[in-house]
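# Examining the three-dimensional arrangement
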Amino acid sequence: MSVIAFTSASLLILLTPGPTNTLLAAAGATAGLRRNLALPLAESLGYALAIAAYVVLAGALADHPTALALLKLINIGWLAVTAARLWRRAPGAAQGTRAPYGVVLLATMLNPKAMLVGVILIPAMMASAPITATLAFSGLSFLAGLAWVAVGASLPPTMKRHANRAAATIVAAFAVLGAISLGQA
């Protein structure tokens, strides 16, 4: 497949709301763009590490559905913990960039989008250049991450006050959807 098709599919995936994007937007809303410029680096690193692992493990995971279910379960647990932490934060409480960096990194590594890219997208569209594809996706994720932080930072003040609770609700919904999909496997 072409590089243009891979880039287009990657951007579509990265601009789709999800757990990491929700965390980035909430960070932008609560502490602004400048204080959170490092968070897209956490997203980029998280995708690079996770996708590389999924590319390597793609064949092995196909033969072991229990391993996929275990990864989903870990992801669901992390999303639930993240949602609870966001919910408990005081409305409108500002956060620094240090604490959420690790949260964004881990949320991205456990993000189902990383599995989608490493197990399906790269083998189907860029099988001859998995390292290049992983690095390209990671680079695009940095740009998309900046956009999500900027979206959060540009919210009106009345919406910013509720950013953590809104993000907690969205992240919890992803945990519930993950649990439902786990039950259907």
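Structure report, in brief. (Residues numbered from 1 in each chain as written. Predicted model: local features only at pLDDT ≥ 70, side-chain atom pairs only at ≥ 80, totals over all residues. Heavy atoms only, no water.)

### Here we look at the nonpolar core
What counts is decided by this rule: By nonpolar core is meant a set of buried Ala, Val, Leu, Ile, Met, Phe, Trp, Tyr and Cys residues that side-chain atoms within 4.5 Å join together. Burial here depends on accessible area, computed with a 1.4 Å probe over protein chains only, as a share of the maximum for the residue type. Under 20% is buried, over 50% is exposed, and the range in between is partly exposed. Here a strand is any run of E in DSSP of at least two residues, a helix any run of H or I of at least four, and the numbering for each starts at the N terminus. We call two residues contacting when some pair of their heavy atoms lies within 4.5 Å.
Ranked by internal contacts, the top residues of the largest apolar core, which has 22 residues, are Leu 23, Leu 24, Leu 39, Leu 86, Val 104 and Val 171. Secondary-structure elements contributing two or more residues to this core are helix H2 (19-31), helix H3 (39-63), helix H4 (65-88), helix H5 (98-109), helix H7 (130-153) and helix H9 (163-184). With near-sequence residues (within four places) excluded, Leu 86 lies in contact with Leu 23, Asn 164, Ala 167, Ala 168 and Val 171. If you look at the next biggest cluster of nonpolar residues, it comprises 20 residues, including Phe 6, Ala 9, Leu 61 and Val 117.

### Digging into the side chain of Ser 138
Applicable threshold: Identification of polar contacts relies on pairs of N or O atoms within 3.5 Å, with a donor-acceptor requirement for protein atoms, meaning one able to donate a hydrogen and the other able to accept it, and with residues adjacent in sequence counted only if both atoms are side-chain atoms.
Looking at the secondary structure, you find Ser 138 in helix H7. Of the residues examined, Ser 138 reaches a relative accessible area of 7% and is grouped as buried. Of the polar contacts made by the side chain of Ser 138, one reaches the side chain of Ser 44; its length is 2.7 Å. Dropping the residues within four chain positions of it, Ser 138 is found in contact with Ser 44, Leu 45 and Ala 48.

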